[in-house]
Amino acid sequence: MKTIKAGYEILTPIDRSGILRQIEEAGRTCYKSEDKITETSAAAFVKMLIKRGHEAMIEHCGLSVKFICDRGVTHEIVRHRIASFAQESTRYCNYSKNKFGNEITVIEPYFWEKDTELYRQWEDACLQAQRAYFALLESGATPEQARTVLPNSLKAEIIVTMNMRAWRHFFALRTSKEAHPQIREIARPLLAELKDKLPEIFGDIDVV
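First things first, this report covers the structure right here in the doc. (Residues numbered from 1 in each chain as written. Predicted model: local features only at pLDDT ≥ 70, side-chain atom pairs only at ≥ 80, totals over all residues. Heavy atoms only, no water.)

**Some points on the pairing of strand β3 (residues 62-70)**
Here is the rule: Accessible area is worked out with a 1.4 Å probe on protein chains only. A residue is then buried under 20% of its type maximum, exposed over 50%, and partly exposed in between. Numbering of helices and strands runs from the N terminus, with a helix taken as a DSSP run of H or I at least four residues long and a strand as a DSSP run of E at least two residues long. Paired strands are those between which DSSP finds at least two bridges.
With seven of its nine residues buried, β3 lies for the most part within the structure. Two strands pair when backbone bridges link them, and strand β2 (residues 7-10) and β3 are joined in this way by four bridges, in the antiparallel orientation. When the sheet's bridge partners are listed, E9 is paired in β3 with K66. Of the pairings in the sheet, the one linking β3 to strand β6 (residues 155-163) comprises nine bridges and is antiparallel in character. By the bridge assignment, F67 is partnered in β6 with I158.

**Here we look at the sheet that holds strand β4 (residues 84-87)**
Rule in force here: Under this scheme, a helix contributes an axis fitted over its contacting stretch, all axes are lines through C-alpha atoms, and angles between N-to-C directions fall in the 0 to 180 degree range. Working rule for contacts: check all heavy atoms of both residues, and any pair within 4.5 Å makes them a contact.
The strand order across the open sheet built from four strands is β2-β3-β6-β4, with neighbouring strands paired in antiparallel fashion. With partners counted over all chains shown, the strands left at the sheet margins are β2 and β4, one partner each. Pairwise comparison of adjacent strand axes, ignoring direction, gives a mean angle of 20° for this sheet. Contacts from helix α6 (residues 164-174) reach β3 and β6, with the element oriented near 125° to β6.

Rendered as structure tokens:
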């Protein structure tokens, strides 16, 4: 059994000036103020849109992000129904094959230290699940049948594509202190990176 930490990867190349200009061109269509577009006007215009709550215009741009997390977290992510998803499938992935190193991969629960009894109990439960999964496969079960014993901690890769407005909503929910700690573990650093790369769109979102 392999244990890894949760993480993410931004798949969409971020061209800040291109994204802001695309939003500005969409927004100025509403006001028919395209004549006011300059080399430096986009940033201020986009910030103005967000400040006024005219966020429909930022739906004209989007991002794709790959999350590496456990399957419990993916269940929360897919509740964002406006998004498009592509998720690693336990129906078709056979973890007893060489392609997967003949083992399952689980996401380390960052809220337990490795030298604690809680962590050891979690690790033992995952190992028992792996043994049961392989035993079912060896007895003739298909991967989609054997997956019923796989743990919630099983690693899953999920690609999420949303427009910028939907991402703002995602961060408002998933970085909050009320959110599950394991989704905050990946949402908070992603937001920090986007606040740095696209401050006009995400800079006003405060993490509490």
